[in-house]
Amino acid sequence: MLYDAVDSLQTLPLWQAALWVTLANVGMFIAALGAGELITRRFSKNRITPEPGPLTRHEKQLAAVCVVLNALVAVAGVLLWREGVIDLRPSGEYSTLTVLADAAVLFVAMDFAMYVFHRVAHHPLLYPIAHRTHHVYESPRPLTLFVLNPIEVLGFGALWLVLLVLYTASIEGILAYLAFNLAFGLVAHLGVEPAPKLWLRLPLLRYVSTSTFHAEHHMDRFHNFGFYLLVWDRLFGTLSPDYLADFSQATGAIPATAR
Ligand SMILES: [Zn+2]
Ligand SMILES: [Zn+2]
């Protein structure tokens, strides 16, 4: 079923394949906003940032452009795959372990690359060109995930396609990564903290980013450049010194002493 759907992207007329990937992008956008609305209501007591003001027309326009450009990136991916520039593992010739390894490689590689590019985007010479658009919104809400300068949307899209050219992954690994990416992006822009109080005391999971982690970046653009993991910020000394205190405050947990 999955293979039939994916294979059809290679055999359908291009306009039909483009229509399907566009619909998929619009579907993900609607699902993310719907889930975001439910989660922010459910955890409204765990506010990290002040309640955002009314939605502006500019925010809506940027989000709409972002969805269209994401669909264009996906169409470019399909084209590169049709041309044999992007290779997928042949169906039925790999195990579940390979799928998990693919998802993990894509997850860690993209997280590291995005950390590097995010820091570069904050360079004083480059910051006004593109990334400043996203930082207009100090109090994020789920839609903020899509409120990006078009240059940035295409930049991240290009990064993702380059990784797919360099690394031959399974389709399940790619889809798992895309689902993770959407989930992490959404969590990052909730403005409330849904993670349990104990999160920062859990082995390994404490190195996985939380809503507080990226909300802090919106309030303080000199810290927390990672997206999925805290490891790069810890390694390069850019983790917010207030992370533990802000997380504890949002969840109502007693601040822990050890990091
Ligand atoms: Zn953000
Ligand atoms: Zn930033």
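To be clear, the structure that these remarks concern was listed above.
None of these values were measured; they are calculated from a predicted model.

Caption draft 1: Local environment of the overall build of the protein. Of regular secondary structure, the protein possesses ten helices and zero strands. In the protein, the order of α-helices and β-strands from amino to carboxyl end is α-α-α-α-α-α-α-α-α-α. The globule rule puts the C-alpha radius of gyration for 259 residues at 18 Å, and the 19 Å found for the protein is close to it. Within the protein, buried positions represent 45% of all 259 residues. Contacts in the protein between residues far apart in sequence, at least 24 positions, make up 74% of those at least 6 positions apart. Of the roughly 13,600 Å² that the protein leaves accessible, carbon and sulfur atoms contribute 69%. Placing the 17 positive and 19 negative side-chain charges of the protein at their respective mean positions leaves the two points 10 Å apart.

Caption draft 2: A look at the environment of cysteine 66. Among the structural elements, cysteine 66 can be located in helix α3 (residues 57–82). In the structure, cysteine 66 is positioned 88 residues away from leucine 154 in sequence and 8.8 Å away in space, judged by C-alpha atoms. Filtering out sequence-adjacent residues up to four positions away, cysteine 66 remains in contact with Phe146, Leu148 and Val153.

Caption draft 3: Local environment of the coordination of the zinc ion (ligand 1). For the zinc ion (ligand 1), every protein donor is listed as His134 (NE2), His189 (NE2), His214 (NE2) and His218 (NE2), and the spread of their distances is 2.0 to 2.1 Å. Around the zinc ion (ligand 1), the four donor atoms sit at angles spanning 97 to 151°, and that spread fits a shape best called irregular. Sequence spacing of the donor residues for the zinc ion (ligand 1), all on one chain, is H-x54-H-x24-H-x3-H. One end of the pair, histidine 189, is in the loop between α7 (171–188) and α8 (211–219); the other, histidine 218, is in helix α8, and 29 residues separate them in sequence. Classification of histidine 189 by relative accessible area gives buried; the value is 4%.

Caption draft 4: The arrangement of the layout of surface pockets in detail. A volume near 1,400 Å³ is recorded for the largest pocket. Along the wall of the largest pocket there are 50 residues; nearest its centre are Asn25, Met28, Trp160, Leu178 and Asn181. Contributing elements (two or more residues each) for the lining of the largest pocket: α1 (2–11), α2 (14–42), α3, α4 (96–121), α6 (150–166) and α7. With ten residues, α7 is the largest single contributor of residues to the lining of the largest pocket. As a volume, the second largest pocket reaches approximately 340 Å³. Put simply, the parts of the chain that give the lining of the second largest pocket at least two residues each are α4 and α6.

Caption draft 5: View of the packing of α1 against α7. Two numbers describe how α1 lies on α7: the axes approach to 11 Å, and their chain directions differ by 90°. Regarding the angle of α1 to α7, the classification is roughly perpendicular. Note on element contacts: α7 touches α1 through Ile171, Glu172 and Leu175, opposite Leu2, Tyr3 and Val6. Of the residues in the contact of α1 with α7, the class split is five nonpolar, no polar and one charged.

About the criteria used
- Residue indices begin from 1 for each chain and proceed along its sequence in written order.
- Written order determines the labels here, with chains lettered from A and ligands numbered from 1.
- Two thresholds apply to this predicted model, a pLDDT of at least 70 for residue-level local features and 80 or more for giving and counting side-chain atom pairs, whereas whole-chain, interface and lining totals are computed over all residues.
- Computation of side-chain values: all heavy atoms of the structure, hydrogens and water removed.
- The way it works is that DSSP assigns letters per residue, a run of H or I at least four long becomes a helix, a run of E at least two long becomes a strand, and they are numbered from the N terminus.
- When we talk radius of gyration, it's over C-alpha atoms, and the globule rule is simply 2.2 Å times the number of residues to the 0.38.
- Exposed residues in this analysis have more than 50% of their type's maximum accessible area, buried residues have under 20%, and partly exposed residues fall in between, with area computed by a 1.4 Å probe over protein chains only.
- We call two residues in contact whenever any of their non-hydrogen atoms come within 4.5 Å of each other.
- A 1.4 Å probe and the Shrake-Rupley method give the accessible areas. Residues count as covered only by the protein chains that appear here.
- Charged residues are defined narrowly, with Lys and Arg counted positive, Asp and Glu counted negative, and His plus the chain ends left uncounted.
- By convention, the point assigned to a charge is CZ for Arg, NZ for Lys, CD for Glu and CG for Asp.
- We call an atom a donor if it is N, O or S and sits within 2.8 Å of the metal, or 3.2 Å for Na, K and Ca. Water is not counted, so some sites may look partial.
- Sites are called tetrahedral only when four donors show all angles between 85 and 135 degrees, square planar or octahedral only when four or six donors show opposite pairs over 155 degrees and all other angles between 65 and 115, and irregular in any remaining case.
- Here a cavity denotes a set of grid points, spaced 1 Å apart and computed over the protein atoms alone, in which a 1.4 Å probe fits but from which it cannot get out, and a pocket denotes an open set meeting protein on both sides within 12 Å along at least five of seven lines; residues with an atom within 4 Å of a point are reported as lining.
- Grid points are joined across faces, edges and corners, and a volume is the space filled by probe spheres set on the points.
- Helix axes use the C-alpha atoms of the stretch in contact, all axes being lines fitted to C-alpha atoms, and the angles between their N-to-C directions lie in the range 0 to 180 degrees.
- Here roughly perpendicular refers to angles of 65 to 115 degrees, roughly parallel to angles under 35, roughly antiparallel to angles over 145, and oblique to all remaining angles.
- By the convention adopted, Pro, Cys, Tyr, Trp, Phe, Met, Ile, Leu, Val and Ala count as nonpolar, Lys, Arg, Asp and Glu as charged, and the other residues, Gly among them, as polar.

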